[in-house]
Amino acid sequence: MGSDFDNENDWINASRGKIAAIPAGVILSRPSKREESRVVWNYDSYDFLGELEPPAHMANTSLWRQSRLCYEGGLFQVTSGPEGAIYQVRTYDLSNMTIVEIGSSNEVIVIDPLTSVETAKAAFELYVNYMKNYIPDVNIKVKAIIYTHSHADHFGGAEAIMPYAASKDIPIYAPEGFLEHAVSENVYAGNAMSRRSVYMYGESLDVAPHGQIGAGLGLALSQGTTSLIAPTHYVKQDGKLKPEIEGMELICQLTPGTEAPSEMNFYFPSLKALCMAENATHTLHNLQTLRGAPVRDARLWSRYLDEAIALFGDKAQVVFSSHHWPTWETYDDKGKPEKRIISFMSRQRDCYAYLHNETLRHLNNGMTPLDIAEVLELPPSLRDVWDLRGYYGSVSHNVKAIYDKYMGWFDGNPANLWKHPPKAEAMKYVDCMGGVDKVVELAQGYIDNQNDLRFAATLLNQAVFSDPKHRTAKKVLANVYRKLGYGAENATWRNIYLTGAKELEGEVQGSINSMAAEAWYAFSLDELVDTMAIRIDGPKAWDKAFTINLMVEYPPKGGKATDPEYKGWHIRLSNAALTGHAIEYLGPKSRSAPEAPATPSADLTLYVTHEELVQLFNGKRANLEGLNYTGDAGVWDTLKSLLTIPNPAFNIVTPLAYIVEPTEAK
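The numbering scheme is per chain: residues are counted from 1 as the chain's sequence reads. Whole-chain, interface and lining totals are the exception, using all residues; otherwise, since this is a predicted model, local features are given only for residues with pLDDT of at least 70 and side-chain atom pairs are given and counted only at 80 or more. Hydrogens and waters are ignored; side-chain quantities use all the structure's heavy atoms.

Per an unreviewed UniProt entry, the chain goes by Alkyl/aryl-sulfatase BDS1 and derives from Aspergillus lentulus. Quoted verbatim from the Sequence similarities (unreviewed entry) field of UniProt, the annotation for the chain is "Belongs to the metallo-beta-lactamase superfamily. Type III sulfatase family." UniProt positions are given in the numbering used here, feature names are shortened, and annotations may be inferred rather than shown by experiment.

Dropping the structure here:
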């Protein structure tokens, strides 16, 4: 297959089926006692993307094209027929919301309700209001919600959909392992990922030709309230969705370890429509996101794409994903399919396979990840197509991810086994080169004479880490980062470079997106305790030890009000580590005093409802006052005194405020 750089199908497909424009481009957050309403989404701010070409030297023209395609927003009809219809709301968030009508009824399935409650509400209302234009008294009811995978931009807005639920027991489907991975990625390492997301998505940049122009996968993440409503049904095997959604058959394909640790594709036989989740989009995707995440398996990703082609490729008349625009099958003059869907998915399959295989070939010849990233190139048949350009992922950082998956962080060179941390290393390098002023002078030579911005950035980074108050070093490095950003085809690289430049100039913005406190109600006991454990100040806890038994009453799940569930968990702090395990629930099945002692024995035993426990863990309850407990209440005060609050604005382009000086071997 040759180049498709003259192919205009993307423009046709990105606008195909548009039936309603976005009525108001600005969406505000819900006001609270702690903060007034703020802008969480501003579609109007991207109006400059209406220009065919970017202003001179401010953006890569290929990335500009991709951003203009992502700017095509509104309500779109993907397909329709007697059995139902599929709609997508695009450009209300980084991801798409998909709405599936069941037959001619007023019942729908919602797939992937965006990142934020605020944007999800606006997106679903766009669909509802469109329907009311034709049937004023229509009463849209959501019969089921489906999460395709465990990333927040595909479940965070679910709370906004619940008021439209057809019943209080609305089924919410997700692939097996969803909740475990949603919590581990968005909570356990949530603060660091959120901080780095400021860089990756350009959240602190002006939305303008000189700033944030998109994210490659969409325009941007919304910056509202992220909810988490736990699934009620987990898909554990391929085949027909069970329990079935009355009136709409779905065939599932589980794809764990691909774009997310927990993910699934599915096919609608009656509509001949294939949902590929985030496994096949119109860009080269990430094998490890630059915000941080577990490495994804390129080999498995390729194999699951091959399986999807075998299962559904000849059946589907349209393939759509949780980002970008669909791909429709086309037919020649004789009605024969031109295999556009299979071609699209085959390219994606072969790309991840090639990256995997070539990286392993070079790795097994001793090349380091930096070496491989420098020499590995996609074949022209993959390189010269729009839907595999590196707008979100890149060949460079994807091959490093593959290396990391198989070999870890160490490249085998003893010199890299016990290096100094960044600040200490920078001070020694700068000292060897004659001081910060000399380093800046050398870097300026690489900028002016050799046009080597990459090495200039390396030198200047050492200068800034050696002396973060050196204004000239910071100014010159900021200019280098800005030039690198303007030239980048990859949207996330652009955002990272430009955000680095902005922070070097003194404008530091901490992470914005955070999971709502109410989301904690979806956590298991194990996950709640782990969330506490990772916030323990280890050295401060060296001389502390205690045990706590949690006896927790959960509300009934659709049963009688007198049928709650009861769970027990034992927590211990020993050797400065908070650990624990499940235990038998022993105690009152009422709010009265305990009827029996809990085992194993503990310094403190709490008899609480799930709501009370979550309020203790997320800080909405300051202490044990008014709760039912036995033992020493001071134990809880000790636990609270050991908890830390992560810094949402920690330094990235300058040294951290607290640096432990390296020690020599003893």
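There's plenty left to go through after this.
Trainee: Give a detailed account of the UniProt feature "domain: Metallo-beta-lactamase" (unreviewed entry) in the chain, specifying residues and quantitative values.
Mentor: Within this numbering scheme, the UniProt entry marks residues 94-323 as carrying the feature "domain: Metallo-beta-lactamase" (unreviewed entry). Every helix listed is a DSSP run of H or I at least four residues long, and every strand listed is a run of E at least two residues long, numbered separately from the N terminus. Here residues 94-323 is 26% helix and 19% strand, with 7 Å between the C-alpha atoms at its ends.

Trainee: Account for the environment of Asp112, with residues named and values stated.
Mentor: Relative to the elements of secondary structure, Asp112 occurs in the loop between β7 (107-111) and α3 (117-134). Residue classification places Asp112 among the buried positions, given a relative accessible area of 0%. Spatially, the C-alpha atom of Asp112 lies 23 Å from that of Ile309, the residues being 197 residues apart in sequence. Separated by 2.7 Å, the side chains of Asp112 and Thr148 make a polar contact. When accessible area is computed with a 1.4 Å probe and restricted to protein chains, residues below 20% of their type maximum are described as buried, those above 50% as exposed, and intermediate ones as partly exposed. The definition of a polar contact used here is a pair of N or O atoms within 3.5 Å, where within protein one atom must be able to donate a hydrogen and the other to accept one, and adjacent residues in sequence count solely through side-chain atom pairs.

Trainee: Tell me about the packing of aromatic side chains, and name the residues and values.
Mentor: Note on aromatic pairs: the rings of Phe, Tyr and Trp (six-membered ring only in Trp) are paired at centre separations within 6.5 Å, and the planes decide the class, stacked below 30 degrees, edge-to-face beyond 60, tilted for the rest. Applying the stated criterion across every chain, the model contains 19 aromatic pairs. Ring plane angle 15° and centroid distance 4.4 Å describe the contact between Trp301 and Tyr352, whose orientation is recorded as stacked. Remark: Tyr352 occurs in helix α8 (residues 340-363) and Trp301 occurs in helix α7 (residues 298-312); sequence separation between them is 51 residues. Residue class for Trp301 comes out buried when judged on its relative accessible area of 0%. By relative accessible area, Tyr352 is classed as buried at 0%.

Trainee: Please give an account of the confidence of the model for the chain that cites residues and values.
Mentor: A residue's pLDDT is the confidence the predictor assigns to it, expressed on a 0 to 100 scale. Per-chain confidence: the chain averages 92 in pLDDT, with 94% of residues scoring 70 or above. Any pair of residues with heavy atoms lying within 4.5 Å of one another is described as a contacting pair. Overall, residues 589-597 carries pLDDT values under 50, and its contacts beyond four positions in sequence, including any with other chains, amount to 19 contacts. Throughout residues 659-666 the model reports pLDDT below 50, and contacts reaching past four residues in sequence, or to other chains, amount to 10 contacts.

Trainee: Give a description of the nonpolar core that names residues and reports values.
Mentor: Only buried Ala, Val, Leu, Ile, Met, Phe, Trp, Tyr and Cys residues count toward a nonpolar core, and they belong to the same one when joined by side-chain atoms within 4.5 Å. Tyr92, Met97, Phe124, Tyr127, Leu550, Phe617 and Trp636 are the most contacted members of the largest nonpolar core, which has 97 residues in total. By residue number, the principal contributor to this core is α3, which donates 10 residues. Sequence-distant contacts of Tyr127, defined by excluding residues within four places in its chain, comprise Leu75, Tyr87, Ile99, Glu101, Val108 and Ile140.

Trainee: Mind laying out the sheet that holds strand β12 (residues 239-240), listing which residues take part and the relevant values?
Mentor: Note: strands within a sheet are paired through backbone hydrogen bonds, in either parallel or antiparallel orientation. The strand order across the open sheet formed by six strands is β12-β13-β14-β15-β16-β17, and the pairing between neighbours is mixed. The open sheet terminates on both sides in strands that have one partner only, identified here as β12 and β17 (327-328). Note that β12 and strand β13 (residues 251-254) share two bridges and pair antiparallel. Note on β13: the bridge partner recorded for Gly239 is Cys252. Angles here are taken between N-to-C directions and fall from 0 to 180 degrees, while the axes themselves are lines fitted to C-alpha atoms, restricted in helices to the stretch in contact. Helix-sheet contacts for α7 involve β13, β14 (264-268) and β15 (273-275), and the interaxial angle to β13 is about 160°. When DSSP locates at least two bridges between a pair of strands, those strands are taken to pair.

Trainee: Give a detailed account of the packing of helix α5 (residues 178-188) against helix α17 (residues 525-533), specifying residues and quantitative values.
Mentor: Viewed as axis vectors pointing N to C, α5 and α17 meet at an angle of 15°, and their least axial separation amounts to 11 Å. Considering the angle they form, α5 stands roughly parallel to α17. You can see that α5 and α17 cross each other, and the crossing is right-handed. Listed contacts from α17 to Leu179, Glu180, Val183, Val187 and Tyr188 of α5 are Glu527, Asp530 and Thr531. Comment on the angle field: the value is read as roughly parallel under 35 degrees, roughly antiparallel over 145, roughly perpendicular from 65 to 115, and oblique elsewhere. If you view the pair so one helix is near and one far, a crossing is left-handed when the near helix is turned anticlockwise from the far one by less than a right angle, and right-handed when it is turned clockwise.

Trainee: Explain the pairing of strand β21 (residues 577-583) to me, using residue names and the numbers behind them.
Mentor: Of the pairings in the sheet, the one linking strand β20 (residues 565-574) to β21 comprises seven bridges and is antiparallel in character. Bridge pairing in β21 links Gly568 to Ile583. Taken together, β20 and the strand that follows it, β21, pair antiparallel across an intervening segment of two residues, in which Asn575 is found at a positive phi of about 55°.

Trainee: Can you break down helix α6 (residues 190-200) residue by residue, with the values?
Mentor: Every buried residue belonging to α6 is among Gly190, Met193, Arg195, Ser197, Val198, Tyr199 and Met200, and all of these are buried. Looking at the buried residues of α6, the elements they touch are α5 and α16 (491-504).

Trainee: Give me the pattern of salt bridges: which residues, what numbers.
Mentor: Between Lys or Arg on one side and Asp or Glu on the other, a salt bridge is scored when a side-chain nitrogen of the former is within 4 Å of a carboxyl oxygen of the latter. Applying the stated criterion across every chain yields a total of 25 salt bridges. Across the pair Glu72 and Lys18 runs a salt bridge, and its minimum N-O distance is 3.1 Å. Of this pair, Glu72 sits in the loop between α2 (61-70) and β4 (74-81) while Lys18 sits in strand β1 (residues 18-20), and the two are 54 residues apart along the sequence. Judged by relative accessible area, which is 29%, Glu72 ranks as partly exposed. Within this structure, Glu107, Lys143 and Glu246 form a network of salt bridges that share partners.

Trainee: Explain α17 to me, and be specific about the residues and the numbers.
Mentor: Of all nine residues making up α17, seven are buried, and the element is well covered by its neighbours. Every buried residue belonging to α17 is among Leu525, Glu527, Leu528, Val529, Thr531, Met532 and Ala533, and all of these are buried.

Trainee: So what's going on with the packing of helix α13 (residues 436-448) against helix α15 (residues 471-487)? Which residues, and what values?
Mentor: Direction vectors running N to C along α13 and α15 enclose 25°, while the axes themselves pass 10 Å from each other. Taken together, the axes of α13 and α15 lie roughly parallel to each other. α13 and α15 meet at a crossing whose hand is left-handed. Mapping the contact onto sequence places Val436, Val440, Gln444 and Ile447 in α13 and Thr472, Ala473, Val476, Val480 and Lys483 in α15. Think of it as three bins: nonpolar holds Ala, Val, Leu, Ile, Met, Phe, Trp, Tyr, Cys and Pro, charged holds Asp, Glu, Lys and Arg, and polar takes everything else, Gly as well. Residue composition of the contact of α13 with α15, grouped by class: six nonpolar, two polar and one charged.

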